[in-house]
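Summary of structural features
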Amino acid sequence: MKIRKLVCALLLGIAVLSACKKNDSASKSQDDPTGKLNGLSITDVIKLVGAGFDPSFTVKTTDGYLVEGDIFVSNASLRDPRKITGQYMTDDIVENYDTIRLKVNDSTYTGWIAALDNAIARYNGVKLKLTFIRVPQDSTAEINLVPYVFPDPSTLGQSVFPGANKKPGSEIKLKSTEYPKKAEDYAGNALSLFACVITHEIGHAIGMRHTDAGDRTFSCLPNLYGNATFFKNLAKYTNRQMNKLYGVNWSDADWNGIRDIYNGRNEFSYSPAANIPGTPATANGDPGSWMLACMGDNDRPFTKNDTIALKYLYPVKKDTVNIAK
Ligand SMILES: [Zn+2]
(Lines give C-alpha, C1' and ligand atoms only; values in the text may rest on other atoms or scores of the structure.)
Protein backbone atom coordinates (compact mmCIF):
# COMPACT_ATOMS: atom_id res chain seq x y z
CA MET A 1 0.00 0.00 0.00
CA LYS A 2 1.15 3.47 -0.80
CA ILE A 3 0.40 6.93 0.43
CA ARG A 4 -1.63 8.90 -2.07
CA LYS A 5 0.78 11.11 -3.99
CA LEU A 6 -1.51 14.09 -3.54
CA VAL A 7 -1.31 13.74 0.22
CA CYS A 8 2.45 13.61 0.02
CA ALA A 9 2.56 16.81 -2.01
CA LEU A 10 0.18 18.61 0.31
CA LEU A 11 2.12 17.63 3.38
CA LEU A 12 5.54 18.46 2.08
CA GLY A 13 4.68 21.69 0.32
CA ILE A 14 5.56 23.51 -2.82
CA ALA A 15 9.13 22.30 -3.18
CA VAL A 16 8.03 18.68 -3.47
CA LEU A 17 5.12 19.60 -5.71
CA SER A 18 7.38 21.31 -8.20
CA ALA A 19 9.81 18.39 -8.05
CA CYS A 20 6.95 16.00 -8.85
CA LYS A 21 5.95 18.10 -11.80
CA LYS A 22 9.48 18.05 -13.05
CA ASN A 23 9.53 14.28 -12.81
CA ASP A 24 6.26 14.06 -14.69
CA SER A 25 7.53 16.09 -17.60
CA ALA A 26 10.79 14.16 -17.64
CA SER A 27 8.88 10.90 -17.97
CA LYS A 28 6.86 12.36 -20.87
CA SER A 29 3.26 11.42 -21.33
CA GLN A 30 1.56 8.26 -20.18
CA ASP A 31 1.39 7.22 -23.82
CA ASP A 32 5.14 6.91 -23.87
CA PRO A 33 6.20 3.50 -22.61
CA THR A 34 9.85 4.34 -22.38
CA GLY A 35 9.57 6.49 -19.31
CA LYS A 36 7.56 4.00 -17.30
CA LEU A 37 9.26 0.65 -17.40
CA ASN A 38 12.13 1.18 -14.98
CA GLY A 39 14.61 -0.88 -16.94
CA LEU A 40 12.42 -3.97 -17.18
CA SER A 41 13.26 -6.22 -20.09
CA ILE A 42 10.54 -7.11 -22.53
CA THR A 43 10.54 -10.60 -21.05
CA ASP A 44 9.84 -9.06 -17.65
CA VAL A 45 6.97 -7.06 -19.11
CA ILE A 46 5.50 -10.11 -20.82
CA LYS A 47 5.67 -12.15 -17.64
CA LEU A 48 4.11 -9.42 -15.50
CA VAL A 49 1.35 -8.60 -17.96
CA GLY A 50 0.65 -12.29 -18.43
CA ALA A 51 0.12 -12.62 -14.70
CA GLY A 52 -2.31 -9.71 -14.75
CA PHE A 53 -0.06 -6.99 -13.33
CA ASP A 54 0.43 -3.50 -14.61
CA PRO A 55 4.14 -3.42 -15.49
CA SER A 56 4.53 0.32 -15.00
CA PHE A 57 6.36 1.44 -11.88
CA THR A 58 7.46 -2.10 -11.15
CA VAL A 59 10.72 -2.42 -9.27
CA LYS A 60 12.85 -5.40 -10.20
CA THR A 61 14.65 -7.08 -7.31
CA THR A 62 17.18 -9.90 -7.20
CA ASP A 63 14.55 -12.59 -6.80
CA GLY A 64 11.40 -11.05 -8.20
CA TYR A 65 9.44 -7.85 -8.63
CA LEU A 66 7.73 -5.28 -6.41
CA VAL A 67 4.49 -4.53 -8.27
CA GLU A 68 1.68 -2.06 -7.79
CA GLY A 69 3.47 -0.46 -4.88
CA ASP A 70 3.25 -3.16 -2.24
CA ILE A 71 3.11 -6.69 -3.62
CA PHE A 72 6.22 -8.81 -3.88
CA VAL A 73 6.03 -11.38 -6.66
CA SER A 74 8.86 -13.90 -6.79
CA ASN A 75 10.32 -15.11 -10.07
CA ALA A 76 9.18 -18.61 -9.21
CA SER A 77 5.57 -17.57 -8.69
CA LEU A 78 5.18 -15.93 -12.11
CA ARG A 79 3.62 -18.34 -14.51
CA ASP A 80 3.26 -18.45 -18.24
CA PRO A 81 1.24 -15.63 -19.76
CA ARG A 82 -2.43 -16.42 -20.09
CA LYS A 83 -5.70 -14.59 -20.18
CA ILE A 84 -7.47 -13.99 -16.87
CA THR A 85 -11.12 -12.96 -16.73
CA GLY A 86 -11.71 -9.76 -14.98
CA GLN A 87 -12.88 -6.69 -5.40
CA TYR A 88 -10.22 -9.03 -7.25
CA MET A 89 -8.58 -12.23 -6.23
CA THR A 90 -5.36 -14.07 -6.86
CA ASP A 91 -4.95 -17.38 -8.68
CA ASP A 92 -4.29 -19.20 -5.43
CA ILE A 93 -6.03 -18.68 -2.13
CA VAL A 94 -5.39 -20.23 1.26
CA GLU A 95 -6.46 -23.83 1.74
CA ASN A 96 -6.16 -26.40 4.54
CA TYR A 97 -6.12 -23.81 7.32
CA ASP A 98 -8.79 -23.11 9.91
CA THR A 99 -6.61 -20.72 11.89
CA ILE A 100 -4.05 -18.21 10.67
CA ARG A 101 -1.46 -17.25 13.26
CA LEU A 102 0.10 -13.80 13.07
CA LYS A 103 2.85 -12.16 15.06
CA VAL A 104 5.06 -9.10 15.26
CA ASN A 105 8.48 -10.49 14.49
CA ASP A 106 10.47 -7.93 16.45
CA SER A 107 10.02 -7.83 20.23
CA THR A 108 11.04 -4.16 20.40
CA TYR A 109 7.96 -3.12 18.38
CA THR A 110 5.49 -3.45 21.23
CA GLY A 111 3.36 -0.64 19.80
CA TRP A 112 2.51 -2.77 16.77
CA ILE A 113 0.65 -5.33 18.82
CA ALA A 114 -2.49 -3.22 19.33
CA ALA A 115 -2.60 -2.41 15.61
CA LEU A 116 -2.27 -6.08 14.70
CA ASP A 117 -4.99 -7.00 17.19
CA ASN A 118 -7.22 -4.34 15.62
CA ALA A 119 -6.63 -5.82 12.16
CA ILE A 120 -7.28 -9.34 13.43
CA ALA A 121 -10.56 -8.19 15.03
CA ARG A 122 -11.70 -6.77 11.69
CA TYR A 123 -11.28 -10.14 9.98
CA ASN A 124 -12.77 -12.18 12.79
CA GLY A 125 -15.71 -9.77 12.83
CA VAL A 126 -16.66 -10.97 9.33
CA LYS A 127 -16.87 -14.56 10.65
CA LEU A 128 -15.01 -16.25 7.84
CA LYS A 129 -13.94 -19.85 7.47
CA LEU A 130 -10.53 -18.66 8.63
CA THR A 131 -9.94 -17.55 12.21
CA PHE A 132 -7.09 -15.12 12.84
CA ILE A 133 -5.10 -15.09 16.07
CA ARG A 134 -2.01 -13.29 17.31
CA VAL A 135 0.74 -15.44 18.78
CA PRO A 136 3.82 -14.42 20.82
CA GLN A 137 6.97 -13.30 19.09
CA ASP A 138 8.81 -16.55 19.80
CA SER A 139 6.03 -18.73 18.36
CA THR A 140 5.55 -20.04 14.86
CA ALA A 141 3.18 -17.95 12.77
CA GLU A 142 1.83 -18.20 9.25
CA ILE A 143 2.11 -14.43 8.76
CA ASN A 144 4.98 -12.40 10.23
CA LEU A 145 5.03 -8.61 10.56
CA VAL A 146 8.51 -7.26 9.94
CA PRO A 147 9.84 -3.67 10.32
CA TYR A 148 11.38 -2.52 7.06
CA VAL A 149 12.83 0.54 5.36
CA PHE A 150 11.54 0.78 1.79
CA PRO A 151 13.55 2.43 -0.99
CA ASP A 152 10.40 4.34 -1.98
CA PRO A 153 9.40 6.47 1.02
CA SER A 154 5.75 6.51 -0.06
CA THR A 155 5.50 2.74 0.48
CA LEU A 156 3.83 1.90 3.78
CA GLY A 157 3.72 -1.87 3.56
CA GLN A 158 4.46 -4.85 1.37
CA SER A 159 2.97 -8.30 1.24
CA VAL A 160 3.08 -11.56 -0.70
CA PHE A 161 0.21 -13.48 -2.28
CA PRO A 162 -0.56 -17.08 -1.34
CA GLY A 163 1.57 -19.44 -3.40
CA ALA A 164 0.73 -22.56 -5.34
CA ASN A 165 1.20 -24.39 -2.01
CA LYS A 166 -2.01 -22.63 -0.83
CA LYS A 167 -0.26 -21.15 2.19
CA PRO A 168 -0.77 -17.50 3.10
CA GLY A 169 1.95 -15.00 2.23
CA SER A 170 4.39 -15.42 5.09
CA GLU A 171 5.86 -11.95 5.47
CA ILE A 172 4.37 -8.48 5.72
CA LYS A 173 6.95 -5.71 5.66
CA LEU A 174 5.87 -2.45 7.28
CA LYS A 175 7.54 0.94 7.11
CA SER A 176 9.49 1.18 10.34
CA THR A 177 10.04 4.93 10.06
CA GLU A 178 6.29 5.52 9.75
CA TYR A 179 5.08 3.28 12.53
CA PRO A 180 6.71 3.84 15.95
CA LYS A 181 7.82 1.05 18.22
CA LYS A 182 6.01 2.28 21.33
CA ALA A 183 2.25 2.39 21.82
CA GLU A 184 2.40 5.81 23.45
CA ASP A 185 3.71 7.31 20.20
CA TYR A 186 0.42 6.63 18.37
CA ALA A 187 -1.74 9.74 18.72
CA GLY A 188 -5.22 10.45 17.39
CA ASN A 189 -6.20 8.05 14.63
CA ALA A 190 -2.61 6.90 13.96
CA LEU A 191 -3.28 3.45 15.38
CA SER A 192 -6.41 2.83 13.31
CA LEU A 193 -4.62 4.03 10.16
CA PHE A 194 -1.78 1.62 10.89
CA ALA A 195 -4.30 -1.15 11.53
CA CYS A 196 -5.88 -0.32 8.17
CA VAL A 197 -2.52 -0.83 6.44
CA ILE A 198 -1.95 -4.13 8.25
CA THR A 199 -5.48 -5.26 7.32
CA HIS A 200 -4.72 -4.37 3.69
CA GLU A 201 -1.47 -6.34 3.65
CA ILE A 202 -3.12 -9.33 5.33
CA GLY A 203 -5.67 -9.10 2.50
CA HIS A 204 -2.90 -9.66 -0.03
CA ALA A 205 -1.48 -12.50 2.04
CA ILE A 206 -4.79 -14.39 1.84
CA GLY A 207 -5.46 -13.74 -1.82
CA MET A 208 -6.97 -10.29 -2.28
CA ARG A 209 -5.75 -8.11 -5.09
CA HIS A 210 -6.26 -4.35 -5.40
CA THR A 211 -9.87 -3.24 -5.71
CA ASP A 212 -8.79 -0.67 -8.29
CA ALA A 213 -7.27 -3.38 -10.48
CA GLY A 214 -9.53 -2.29 -13.32
CA ASP A 215 -8.52 1.36 -13.14
CA ARG A 216 -5.42 2.32 -11.21
CA THR A 217 -6.06 6.01 -11.58
CA PHE A 218 -8.94 5.65 -9.16
CA SER A 219 -6.57 5.19 -6.26
CA CYS A 220 -3.19 6.57 -7.22
CA LEU A 221 -1.40 4.67 -9.94
CA PRO A 222 -1.46 5.28 -13.68
CA ASN A 223 -3.89 3.20 -15.68
CA LEU A 224 -2.04 1.57 -18.50
CA TYR A 225 -4.52 -1.21 -19.09
CA GLY A 226 -7.15 1.35 -19.99
CA ASN A 227 -4.72 3.04 -22.30
CA ALA A 228 -4.47 1.06 -25.51
CA THR A 229 -2.21 3.72 -26.97
CA PHE A 230 0.44 2.82 -24.45
CA PHE A 231 0.71 -0.70 -25.79
CA LYS A 232 0.47 0.36 -29.39
CA ASN A 233 3.31 2.78 -28.84
CA LEU A 234 5.26 0.12 -27.02
CA ALA A 235 5.20 -2.01 -30.13
CA LYS A 236 6.10 0.96 -32.32
CA TYR A 237 9.35 1.72 -30.59
CA THR A 238 12.19 0.21 -32.52
CA ASN A 239 15.00 -1.62 -30.89
CA ARG A 240 17.32 1.10 -32.06
CA GLN A 241 15.39 3.84 -30.34
CA MET A 242 15.16 1.88 -27.14
CA ASN A 243 18.83 1.07 -27.24
CA LYS A 244 19.77 4.68 -27.86
CA LEU A 245 17.49 6.10 -25.20
CA TYR A 246 17.68 3.48 -22.50
CA GLY A 247 20.43 1.04 -23.37
CA VAL A 248 18.10 -1.91 -23.84
CA ASN A 249 18.50 -4.38 -26.64
CA TRP A 250 15.36 -6.34 -27.33
CA SER A 251 15.38 -9.11 -29.92
CA ASP A 252 12.83 -9.65 -32.68
CA ALA A 253 11.56 -12.61 -30.70
CA ASP A 254 10.97 -10.33 -27.72
CA TRP A 255 8.97 -7.89 -29.82
CA ASN A 256 6.97 -10.70 -31.36
CA GLY A 257 6.20 -12.02 -27.91
CA ILE A 258 4.62 -8.84 -26.67
CA ARG A 259 2.89 -8.22 -29.98
CA ASP A 260 1.28 -11.64 -29.83
CA ILE A 261 0.01 -11.06 -26.32
CA TYR A 262 -1.72 -7.83 -27.24
CA ASN A 263 -2.90 -8.85 -30.68
CA GLY A 264 -4.80 -11.72 -29.18
CA ARG A 265 -6.63 -9.58 -26.70
CA ASN A 266 -9.23 -6.84 -26.80
CA GLU A 267 -7.47 -4.33 -24.62
CA PHE A 268 -10.60 -2.41 -23.83
CA SER A 269 -12.39 -5.38 -22.34
CA TYR A 270 -9.36 -7.00 -20.82
CA SER A 271 -9.32 -7.09 -17.06
CA PRO A 272 -6.00 -7.70 -15.39
CA ALA A 273 -7.34 -9.72 -12.49
CA ALA A 274 -10.23 -11.98 -11.57
CA ASN A 275 -13.23 -10.01 -10.36
CA ILE A 276 -14.95 -11.56 -7.37
CA PRO A 277 -18.59 -12.37 -8.14
CA GLY A 278 -21.03 -10.02 -6.44
CA THR A 279 -18.60 -7.09 -6.26
CA PRO A 280 -18.30 -4.16 -8.70
CA ALA A 281 -16.02 -4.73 -11.67
CA THR A 282 -15.22 -1.03 -11.73
CA ALA A 283 -13.09 0.72 -9.16
CA ASN A 284 -15.51 3.58 -8.67
CA GLY A 285 -18.07 1.04 -7.56
CA ASP A 286 -16.35 0.84 -4.20
CA PRO A 287 -14.38 3.98 -3.36
CA GLY A 288 -13.94 3.04 0.31
CA SER A 289 -12.52 -0.44 -0.14
CA TRP A 290 -9.68 -1.47 2.11
CA MET A 291 -7.90 -3.03 -0.86
CA LEU A 292 -7.39 0.12 -2.93
CA ALA A 293 -3.72 0.44 -3.84
CA CYS A 294 -3.28 3.77 -2.05
CA MET A 295 -4.69 5.39 1.04
CA GLY A 296 -5.03 8.91 2.35
CA ASP A 297 -5.82 10.12 5.84
CA ASN A 298 -8.89 8.02 6.52
CA ASP A 299 -9.28 4.59 8.02
CA ARG A 300 -11.09 2.16 5.74
CA PRO A 301 -13.07 -0.48 7.60
CA PHE A 302 -14.57 -3.22 5.42
CA THR A 303 -17.27 -2.01 3.06
CA LYS A 304 -20.29 -4.11 2.13
CA ASN A 305 -18.49 -5.26 -1.03
CA ASP A 306 -15.30 -5.98 0.92
CA THR A 307 -17.31 -8.31 3.13
CA ILE A 308 -18.91 -9.97 0.10
CA ALA A 309 -15.44 -10.50 -1.37
CA LEU A 310 -14.00 -12.02 1.80
CA LYS A 311 -16.98 -14.32 2.24
CA TYR A 312 -16.66 -15.43 -1.36
CA LEU A 313 -13.04 -16.43 -0.81
CA TYR A 314 -13.54 -17.93 2.63
CA PRO A 315 -17.23 -18.74 3.10
CA VAL A 316 -18.43 -19.34 6.61
CA LYS A 317 -18.28 -22.97 7.53
CA LYS A 318 -21.65 -24.66 7.83
CA ASP A 319 -22.00 -26.04 11.34
CA THR A 320 -24.63 -28.20 12.99
CA VAL A 321 -26.87 -25.55 14.53
CA ASN A 322 -29.36 -25.96 11.72
CA ILE A 323 -30.67 -29.28 13.05
CA ALA A 324 -34.47 -29.23 12.81
CA LYS A 325 -36.18 -28.56 16.07
ZN1 LIG B 1 -1.77 -3.43 -1.74
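Residues numbered from 1 in each chain as written. Predicted model: local features only at pLDDT ≥ 70, side-chain atom pairs only at ≥ 80, totals over all residues.

With an unreviewed UniProt entry as reference, the chain is termed Matrixin family metalloprotease, source organism Chitinophaga hostae.

**Remarks on the overall build of the chain**
Summing up its helical and strand segments, the chain has nine helices and twelve strands in all. Across the 325 residues of the chain, 36% fall into the buried class. (Helix = DSSP H or I, 4+ residues; strand = E, 2+ residues; numbered from the N terminus. Buried ≥ 20, exposed ≤ 12 C-beta atoms within 10 Å, placed from the backbone.)

**Section: helix H9 (residues 304–313)**
Within H9, the full set of buried residues consists of Asp306, Ala309 and Leu310. The buried residues of H9 occupy an angular sector of 95 degrees when the element is viewed end-on, so they sit on one face. (Arc of directions from axis to C-beta.)

**So, the pairing of strand E4 (residues 71–74)**
Both strand E3 (residues 64–67) and E4 contribute to a ladder of four bridges, which runs antiparallel. The partner of Tyr65 across the bridge, within E4, is Val73. The turn joining E3 and E4, which pair antiparallel and follow one another in sequence, is formed by three residues; a positive phi near 50 degrees is taken by Glu68. Summarising the sheet, E4 and strand E9 (residues 157–160) pair through two bridges and their orientation is parallel. (Pairing = 2+ DSSP bridges.)

**Considerations on the packing of helix H4 (residues 112–126) against helix H5 (residues 190–205)**
Close contact between H4 and H5 brings their axes to 8 Å; oriented N to C, the two are set at 55 degrees. By the criterion of interaxial angle, the relationship of H4 to H5 is oblique. Where H4 crosses over H5, the two elements pack in a sense that is right-handed. Counted together, Ala114, Ala115, Leu116, Asn118, Ala119, Arg122 and Tyr123 of H4 and Leu191, Ser192, Phe194, Ala195, Ile198, Thr199 and Ile202 of H5 form the full contact between these two elements. (Axes fitted to C-alpha atoms, helices over the stretch in contact; angles between N-to-C directions. Parallel < 35°, antiparallel > 145°, perpendicular 65-115°, else oblique. Left-handed = near helix turned anticlockwise from the far one by under 90°. Contact = placed C-beta atoms within 7 Å.)

**Details of the nonpolar core**
Ranked by internal contacts, the top residues of the largest apolar core, which has 51 residues, are Leu116, Leu145, Val197, Ile198 and Ile202. No other element matches the eight residues that H5 contributes to this core. Lining this core are residues from two domains, each supplying at least three of them: domain 1 (2–84 + 220–274) and domain 2 (99–212 + 280–313). Once residues within four sequence positions are removed from consideration, Val197 is found in contact with Met1, Leu156, Gly157 and Leu174. (Core = buried A, V, L, I, M, F, W, Y, C linked by C-beta atoms within 7 Å. Domains from an automatic or database assignment.)

**So, the environment of Thr307**
Mapped onto the secondary structure, Thr307 falls in helix H9. By C-beta crowding, Thr307 is classed as partly exposed, having 17 other C-beta atoms within 10 Å. Separated by 28 residues in the primary sequence, Thr307 and Thr279 have C-alpha atoms spaced 9.6 Å apart. The contact partners of Thr307, leaving out residues within four places of it in the chain, are Val126 and Phe302.

**Comments concerning H4**
Between its first and last C-alpha, H4 extends 22 Å over 15 residues, near the 21 Å set by a 1.5 Å rise per residue. Residues Trp112, Ala115, Leu116, Ala119, Ile120, Arg122 and Tyr123 constitute the buried set of H4. End-on view of H4: buried residues confined to an arc of 150 degrees, all on one side of the axis. Within H4, the exposed residues directed more than 90 degrees away from the buried face are Ala121 and Gly125. Following H4 by one or two positions, Lys127 has its phi on the positive side, about 60 degrees. (Expected span 1.5 Å × (residues − 1).)

**Digging into the sheet that holds E3**
Strand order across the open sheet formed by eight strands is E2-E3-E4-E9-E10-E8-E6-E7, with mixed pairing between neighbours. Edge strands, defined here as strands with exactly one partner in the open sheet, are strand E2 (59–60) and strand E7 (131–134). Strands strand E6 (99–104), E7 and strand E8 (143–148) of the sheet are contacted by H4, whose axis makes an angle of about 165 degrees with E7. With respect to the sheet, H5 is in contact with E4, E8, E9 and strand E10 (171–175), its orientation differing from that of E9 by roughly 20 degrees.

**Quick notes on unusual backbone geometry**
The phi torsion at Asn96 lies on the positive side, around 65 degrees, for a residue other than glycine. Phi at Lys127 takes a positive value of approximately 60 degrees, unusual for a residue other than glycine. Checked against the element boundaries, Lys127 lands in the loop between H4 and E7. Residue Lys127 is classed as partly exposed on the basis of its C-beta count, with 13 C-beta atoms lying within 10 Å.

**Details of the confidence of the model for the chain**
Residues with a pLDDT of 70 or more make up 58% of the chain, whose mean pLDDT is 72. Overall, residues 5–35 carries pLDDT values under 50, and its contacts beyond four positions in sequence, including any with other chains, amount to 28 contacts. For the stretch residues 235–240, pLDDT sits under 50, and the model shows seven contacts to residues farther than four places along the chain or on other chains. (pLDDT = per-residue confidence, 0-100.)

**A word on the environment of Lys2**
Within the secondary structure layout, Lys2 lies in strand E1 (residues 2–3). Its 24 C-beta neighbours within 10 Å are what place Lys2 among the buried residues. Residues Lys2 and Glu68 lie 66 residues apart in sequence; the distance between their C-alpha atoms is 8.9 Å.

**Side note on the pairing of E10**
Of all five residues in E10, four are buried, a share of seventy percent or more. Of the strand pairs in this sheet, E9 and E10 are connected by two bridges, and their pairing is antiparallel. Looking at the pairing, Gln158 lines up with Lys173 of E10.

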